[in-house]
Amino acid sequence: MKSRFAPSPTGYLHIGGARTALFAWAWAKKQHGKFVLRIEDTDLERSTQVSVDAILQGMDWLGLDYDEGPFYQTDRFNRYKQVVQQLLDEKKAYYCECSKERLQILHEDLIKQGKKAKYDGCCRDKNLNIGVVRFNNPEEGLVVFNDAVKGQISINNKELDDLIIARSDGTPTYNLTVVIDDHDMQINCVIRGDDHINNTPKQINLYQALGWHLPKFAHLPMILGSNGARLSKRHGAVSVMAYRNAGFLPECLLNYLARLGWSHGDQEIFSTDEIVKLFELKNINKAPASFNQDKLLWLNQETIKSSSIENLLNNLTWHFQNQAITVTDTPDIKTVVQHLQDRCKTLVDMAGEVKMFYQDFDTFDEKLATKHFKDKTPLKHLLTKLEAISTWQANNIKQAVKEVCFELNIGFGKVGQPFRLALSGNGNAGSIDIVAELVGKDKALSRLKMAISF
RNA sequence: GUCGCCUUCGUCUAUCGGUUAGGACCCCAGGUUUUCAUCCUGGUAAGAGGAGUUCGAUUCUCCUAGGCGAUGCCA
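Conventions we followed
Residues numbered from 1 in each chain as written. Chains lettered and ligands numbered in written order. Predicted model: local features only at pLDDT ≥ 70, side-chain atom pairs only at ≥ 80, totals over all residues. Heavy atoms only, no water. Helix = DSSP H or I, 4+ residues; strand = E, 2+ residues; numbered from the N terminus. Rg over C-alpha atoms; globule rule 2.2 N^0.38 Å. Contact = heavy atoms within 4.5 Å. Areas by Shrake-Rupley, 256 points an atom, 1.4 Å probe, with all protein chains shown as cover. Lys, Arg positive; Asp, Glu negative; His and termini not counted. Charge placed at Lys NZ, Arg CZ, Asp CG, Glu CD. Near = heavy atom within 4 Å. Polar contact = N/O pair within 3.5 Å; in protein donor to acceptor, adjacent residues only side chain to side chain. Nonpolar A, V, L, I, M, F, W, Y, C, P; charged D, E, K, R; others polar. Disulfide = S-S within 2.5 Å. Buried < 20%, exposed > 50% of the residue type's maximum accessible area, 1.4 Å probe, protein only. 1 Å grid on protein atoms, 1.4 Å probe; cavity = no way out; pocket = protein on both sides within 12 Å on 5 of 7 lines; lining within 4 Å. Points joined across faces, edges and corners; volume = space filled by probe spheres on them. Pairing = 2+ DSSP bridges. Domains from an automatic or database assignment.

*Asks:* Before we go on, may I ask you to explain the overall build of chain A in this structure?
*Replies:* Across its full length, chain A holds 19 helices and twelve strands. The C-alpha atoms of chain A give a radius of gyration of 31 Å, which is well past the 22 Å a tight globule of 454 residues would have. In chain A, the share of contacts with a sequence separation of at least 24, taken over all contacts with a separation of at least 6, comes to 76%. Accessible surface, chain A: about 21800 Å² in total, of which carbon and sulfur atoms supply 48%. Chain A carries 56 positive and 55 negative side-chain charges, and their two centres are separated by 4 Å.

And the structure:
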């Protein structure tokens, strides 16, 4: 079994492409088959190296590794030319020099008559040797195929026309190159977006004209934005890498994408290995799905909570750099991350909270400071208590806070809250005693003094 | 216009003709908690519409509507 992902390098790797890649990848892995990456860059006008790099980077970040490739169609032009010539020789294709103007008038006319806009075969028997090359599509009969997702699909050849397989400059077009590549690369399971359903009958006719075996087809429904329209930037990020930047874990994105259109009963949370193990084409939904940021965020939080510290740290590296955070030996970053693990929705948040353990700040959140630093008495008492602590440990610190509460006859919050703000600068911190221990005695005391003189 | 595909809570989905139509996100109400968060309990909310097949249809068939896609010398 061999599947492939065949993006065209006309932009970054987007969410929809990533899901197609994931499904093709998972299906190959599950069956111990091979997964191929092929860059479909036959459109010289629109393809760019920047896009190729972006796609490769996206695949790499997601961990979607390929057994073969990346192959580039631009490296295979000779092969395509050879096949075009073969079809020409066998009278299964012909040159056509109809002008775009004639075609346009023809189409408008057909539409006016309530018919399907298609080429009329004008040049089919002219035996020309210049212009575009068209495939001689069968005029009669039904093309029927059994889609692994959609079920049986049939289209009448009357609906199809003689599609162009080579442009007038000799370069091949999409429908021809996919067929040749999928055949040559021995792809026997084509998994792609369902915007290709309409192309499939044309390709099947091409396969048959060339006497080649058909692969199995599986057409995935599209991913829509929150308003049911095609996913676009208005619905949040569409680029896969934007999700890394926003602090999502790659395995979370994979999990979310898998669950968008595929299901395994009621299960929501899957490790990447589980996706591979449980994946079945027949459990893919036929209907398009809308991308939902809220659920993705929830899933990221769940993924962070159950992730190993090592994995978190690996993924955090980029964010530390991005936020200019320098992690030093004390406190131990692993302990810090562990402490933060249950309280962050994204890695961006987490990196932001890591900051206070390694970097000082010179200002407090205005609003909170006005509220919590109004009465300095608790802080002053706390300072005295804390200075006296010889072993800087969470339980001792907690004890000190409790004593202050008792002595002043006030609630824990009256002391804990100002202390938390003093330590963090923004009030965003977890369990106060643990945070204080991790920040360290020197820093904790100096921040407390800073709060007192606020 | 024509052809193809699709249609269960706001969103993602479960359901092998018989269920009080289940789960998850969101939202709401409680509870735990030293902020936030976590955690726990409960709640609101769905089979596009119409025919047909059947003892019985969300499930099978057809029609209509709506959405998406194709109709490119894009992929």
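*Asks:* Explanation requested: the protein's contact with RNA strand B in the structure shown.
*Replies:* Taken together, 56 residues form the shell around RNA strand B, and within it Arg167, Gly261, Lys305, Arg420 and Ala429 come nearest. Backbone atoms, meaning sugar and phosphate, make up 66% of the atoms of RNA strand B lying within 4 Å of the protein. Contacts to RNA strand B include Ser8, whose side-chain N or O atom sits 3.4 Å from a sugar or linking oxygen. Between RNA strand B and the protein, one listed contact pairs a phosphate oxygen with a side-chain N or O atom of Thr42 at 2.6 Å. When contributions to the surface near RNA strand B are tallied by element, the ones reaching two or more residues are α4 (100–112), β12 (289–290), α10 (293–306) and α17 (412–424). When the residues that make up the surface near RNA strand B are grouped by side-chain class, the tally is 14 nonpolar, 19 polar and 23 charged.

*Asks:* Sorry, what's going on with the state of the cysteines here?
*Replies:* A disulfide bridge is the covalent bond that connects two cysteines by way of their sulfur atoms. Enumeration according to the criterion identifies zero disulfides in this entry. No disulfide involves Cys98; its sulfur sits 3.5 Å from the nearest other cysteine sulfur, which is in Cys123. On the basis of relative accessible area, Cys98 is assigned to the buried category, the value being 15%.

*Asks:* Explanation requested: the layout of surface pockets in the structure shown.
*Replies:* In this approach the atoms are scanned with a rolling probe the size of a water molecule, which exposes any empty space left behind. Computed from the structure, the largest pocket encloses a volume of approximately 1200 Å³. Listing elements by their share of the lining of the largest pocket, those giving two or more residues are β1 (2–5), α1 (15–30), α5 (174–184) and β9 (189–193). Counting residues per element, the lining of the largest pocket draws most heavily on α1, at four residues. Of the residues assigned to the lining of the largest pocket, the class counts are 15 nonpolar, 15 polar and eleven charged. Of the pockets and cavities examined, the second largest pocket occupies roughly 310 Å³.

*Asks:* When you look at the pairing of strand β5 (residues 132–135) in this model, what are you seeing that I'm missing?
*Replies:* Remark: a regular strand shows side chains that alternate across the two faces of the sheet. Of the two faces of β5, the one holding Val132 and Arg134 and the one holding Val133 and Phe135 are both buried throughout. Bridge analysis of strand β4 (residues 93–96) against β5 gives four bridges, and the strand direction is antiparallel. Note on β5: the bridge partner recorded for Ala93 is Phe135.

*Asks:* Would you explain the domain arrangement of chain A in this entry?
*Replies:* In many analyses, interface size is given as the accessible surface area lost on bringing the parts together. Segmenting chain A into domains produces domain 1 (2–71 + 174–223), domain 2 (79–166) and domain 3 (360–454). The C-alpha-based centres of domain 1 and domain 3 are spaced at 58 Å.

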